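Structural overview for review
Each chain, letter by letter, is given below.
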Amino acid sequence: IGALLENKLKIEELAKANSKLHDNEEVLMHMARCDALTGLGNRLMLEEELARVLLHAERTGQPGTVLMIDLNDTYGHECGDLVLQQTAKRLRAAVCQSDTVVRLGGDEFVIVTELAPNDAKEMCDTLRCEIQRPLVLADREIRMGASIGYACFPLDGVTSTELLACADRAMYSEKRSLRSGDAE
């Protein structure tokens with residue numbers, strides 16, 4: 001009987017250890033896929049989500065859009081983290097719950113949505129308005145702008161590489177035209 005009780009205790013200990021390992025694995029997976037500063041997804045999550053959405057689009061014919069957003073750099077480093085956190089909240093609130101918002105790095109964000117191509121410009125305008133609303137941080141009002149480019153699938157590409165490159169080109173094209181417009 002003593003051996004049976006000892007085995008039962010070992011089994012219970014192993015079950016607890018296994019449960020703890022599973023919990024730790026979930027925490028590590030979350031950390032690997034999320035940006036620590038903003039709580040948004042990161043590049044790994046972006047790749048996973050784009051693969052999922054593109055496969056769904058291929059199967060169903062449902063179009064979608066990838067938007068790339070680059071904030072202006074006029075807010076200064078002292079407010080940088082707070083600006084990024086507030087921008088992340090605004091972007092998340094401005095899109096559908098089913099859309100994916102990630103921080104690509106620095107002050108660049110990407111949104112993956114199943115939005116139809118003819119609605120993409122309107123979404124860009126909405127996002128731009130959200131970003132341009134003044135932020136009050138440490139008794140200081142900060143105004144930002146952003147360059148936003150987008151690519152629609154399958155129209156502009158059918159792979160994540162093609163879509164991100166197309167959205168990036170469109171974003172930098174907008175950035176160049178904003179700069180040349182400011183110079184006038």
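Residues numbered from 1 in each chain as written. Predicted model: local features only at pLDDT ≥ 70, side-chain atom pairs only at ≥ 80, totals over all residues. Heavy atoms only, no water.

Notes on the pattern of salt bridges
- Taken as a whole and judged by the stated rule, the model has ten salt bridges.
- The partner of E49 in a salt bridge is R52, and the shortest N-O contact between them spans 2.5 Å. Linking E49 with R52, this pair stays in helix α2 (residues 43-60), spanning three residues, or about one helical turn.
- For R128, the salt bridge is made with E174, and the minimal N-O distance between the two is 2.9 Å. Of the two residues, R128 sits in helix α4 (residues 120-132) while E174 sits in helix α5 (residues 160-183), which places them 46 residues apart along the sequence.
- You can call R128 buried: its relative accessible area is 17%. (Salt bridge = Lys/Arg side-chain N within 4 Å of Asp/Glu carboxyl O. Helix = DSSP H or I, 4+ residues; strand = E, 2+ residues; numbered from the N terminus. Buried < 20%, exposed > 50% of the residue type's maximum accessible area, 1.4 Å probe, protein only.)

What about the state of the cysteines?
- Within the structure shown, the criterion is met by zero disulfides.
- With no disulfide of its own, C34 has C96 as its nearest cysteine by sulfur position, at a separation of 20 Å.
- This cysteine, C129, is not joined by any disulfide, and C124 carries the nearest cysteine sulfur, 11 Å off. (Disulfide = S-S within 2.5 Å.)

Side note on the layout of surface pockets
- Estimates place the volume of the second largest pocket at around 170 Å³.
- In terms of lining residues, the second largest pocket is bounded by A94, V95, C96, S98, D99, T113, E114, L115, D119, E122, M123 and T126.
- Here the lining of the second largest pocket gets three residues from one element, more than from any other, and that element is α4.
- Partitioned by chemical class, the residues of the lining of the second largest pocket number five nonpolar, three polar and four charged. (1 Å grid on protein atoms, 1.4 Å probe; cavity = no way out; pocket = protein on both sides within 12 Å on 5 of 7 lines; lining within 4 Å. Points joined across faces, edges and corners; volume = space filled by probe spheres on them. Nonpolar A, V, L, I, M, F, W, Y, C, P; charged D, E, K, R; others polar.)

A few points about the pairing of strand β1 (residues 64-71)
- Burial within β1 is extensive, with eight of its eight residues counted as buried.
- Where burial is concerned, the two faces of β1 agree: the one with G64, V66, M68 and D70 and the one with T65, L67, I69 and L71 are both buried.
- Here eight bridges tie β1 to strand β6 (residues 146-153), and the two strands are oriented antiparallel to one another. Across the sheet, G64 pairs through a bridge with F153, a residue of β6.
- Bridge count for β1 against strand β3 (residues 108-113) is six bridges, and the pairing is antiparallel. Within β3, the residue paired with V66 across the bridge is V112. (Pairing = 2+ DSSP bridges.)

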